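These are the residues of each chain, in order.
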Amino acid sequence: MTHLTRRILLAAALALSALPLAAQQPPDPDPRLIEAAGTGALAYVVTGDLAVDEASDLGLAGLTEALTRRTTVEPGPPVPVALDEDGLWLLTFLYWPVTPDQPLPSPQAYARLNRFLRTGGMILFDTRDGDVAGTGAPDGSADLQRLAAALDEG
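Remember, predicted model here, so these are calculated numbers, not experimental data. (Residues numbered from 1 in each chain as written. Predicted model: local features only at pLDDT ≥ 70, side-chain atom pairs only at ≥ 80, totals over all residues. Heavy atoms only, no water.)

Enquirer: Hey, could you run me through the pattern of salt bridges in this one?
Expert: Between side chains of opposite charge, pairing is possible as soon as their charged atoms come close. Counted according to the given criterion, the structure contains 4 salt bridges. In this structure, Asp-30 engages Arg-32 in a salt bridge whose closest nitrogen and oxygen atoms are separated by 3.0 Å. Assessed through its relative accessible area of 23%, Asp-30 is described here as partly exposed. With its nearest N and O atoms 2.9 Å apart, the salt bridge here joins Glu-65 to Arg-69. Placement of both Glu-65 and Arg-69 in helix α4 (residues 50–70) is noted, with a separation of 4 residues, approximately one turn of the helix. For Arg-69, a relative accessible area of 55% translates into the label exposed. (Salt bridge = Lys/Arg side-chain N within 4 Å of Asp/Glu carboxyl O. Buried < 20%, exposed > 50% of the residue type's maximum accessible area, 1.4 Å probe, protein only. Helix = DSSP H or I, 4+ residues; strand = E, 2+ residues; numbered from the N terminus.)

And the structure:
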């Protein structure tokens with residue numbers, strides 16, 4: 001068993017032990033997410049913008065390839081996550097590209113996101129404006145604040 005596999009299993013066990021039984025497992029766990037957890041795959045939030053979603057998939061696929069080539073980490077292929085539909089309980093990392101037109105997740109999705117964060121999950125928000133920093137051009141901070149407002153700050 002690799003070090004990464006042990007870490008994923010430990011994180012999953014800790015996350016599961018911290019949740020009420022009813023919230024631990026959806027009735028029919030998505031096989032994609034089960035496989036993603038088993039392989040340490042990186043997950044990303046589906047924004048509804050096809051270009052952004054494709055860039056997320058390709059970018060995380062490139063990062064996955066680099067990790068496999070340069071480290072002992074061998075994650076599976078990136079997995080898209082629809083916050084209003086998919087459970088997050090099996091995941092440990094979530095890449096969230098922020099877009100101006102992205103709808104707010106439902107209250108149930110925010111509850112899952114907050115549980116994900118409380119149990120050790122990590123979200124990397126990408127406002128995709130790094131090339132405009134310091135130029136006075138519009139940035140994504142307002143969009144990020146809008147999407148993250150309902151997340152627990154703990």
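Enquirer: Just to check I follow, could you spell out the sheet that holds strand β3 (residues 93–97) for this structure?
Expert: Hydrogen bonds between backbone groups are what pair the strands of a sheet, and the pairing can be parallel or antiparallel. Ordered by their spatial adjacency, 4 strands build an open sheet running β2-β1-β3-β4, and the pairing between neighbours is parallel. Looking at the sheet topology across the chains shown, the edges are occupied by β2 (79–81) and β4 (122–126). Strand after strand, the sheet turns through a mean of 30 degrees between neighbouring axes, direction not considered. In this structure, β3 lies alongside β4, joined through 5 bridges in parallel fashion. Paired with Phe-93 across the two strands is Met-122, which belongs to β4. In the packing of α4 onto the sheet, contacts are made with β1 (43–45) and β3, and the angle to β1 comes to roughly 165 degrees. (Pairing = 2+ DSSP bridges. Axes fitted to C-alpha atoms, helices over the stretch in contact; angles between N-to-C directions. Contact = heavy atoms within 4.5 Å.)

Enquirer: Please explain the side chain of Asp-143 as it appears in this structure.
Expert: Assignment of secondary structure puts Asp-143 in helix α6 (residues 141–148). The buried charged residue Asp-143 lacks any salt bridge, with Arg-146 as its nearest oppositely charged partner at 4.4 Å. Beyond its immediate stretch of four places on either side in the chain, Asp-143 contacts Val-98, Thr-99 and Pro-100. (Lys, Arg positive; Asp, Glu negative; His and termini not counted.)

Enquirer: Can you walk me through the nonpolar core in this structure?
Expert: Nonpolar side chains in soluble globular proteins tend to end up buried together. Judged by nonpolar contacts, the single largest core of 23 residues is most densely connected at Val-81, Leu-83, Leu-88, Leu-91, Leu-94, Trp-96 and Leu-113. Looking at this core, the element that brings in the most residues is helix α5 (residues 107–118), giving 4 residues. Apart from residues no more than four positions distant in its own chain, Trp-96 is found in contact with Val-45, Leu-83, Gln-102, Pro-105, Leu-113, Ile-123, Leu-124, Phe-125, Asp-126 and Leu-147. Among the nonpolar cores identified, the runner-up in size contains 5 residues, and Leu-42, Tyr-44, Leu-60 and Tyr-95 belong to it. (Core = buried A, V, L, I, M, F, W, Y, C linked by side-chain atoms within 4.5 Å.)

Enquirer: Can you help me understand the side chain of Arg-112 in this one?
Expert: Checked against the element boundaries, Arg-112 lands in helix α5. At a separation of 3.4 Å, a polar atom in the side chain of Arg-112 contacts the main-chain carbonyl oxygen of Asp-86. Those residues within four positions of Arg-112 in sequence are excluded, and the remaining contacts are Leu-83, Asp-84, Glu-85, Asp-86, Gly-87 and Leu-88. (Polar contact = N/O pair within 3.5 Å; in protein donor to acceptor, adjacent residues only side chain to side chain.)

Enquirer: Quick question: what am I supposed to make of α4 here?
Expert: Every α-helix winds through 3.6 residues per turn, so residues three or four apart in the chain are directed the same way. Helix length check: α4, at 21 residues, gives a terminal C-alpha distance of 30 Å against a target of 30 Å (1.5 Å per residue), a fit within 8%. Residues Val-52, Asp-53, Ser-56, Leu-60 and Thr-64 constitute the buried set of α4. Along the long axis of α4, the arc covered by the buried residues comes to 110 degrees, so they all point the same way. Opposite the buried face of α4, at more than 90 degrees from it, the exposed residues are Leu-50, Ala-51, Glu-54, Leu-58, Arg-69 and Arg-70. Lining the buried residues of α4 we find β1 and β3. Here α4 starts with a cap whose side-chain oxygen sits 3.1 Å from the backbone nitrogen of Ala-51, and that cap is Asp-49. (Expected span 1.5 Å × (residues − 1). Arc of directions from axis to C-beta.)

Note that every value here comes from positions in space, so none of it alone points to a role or purpose.
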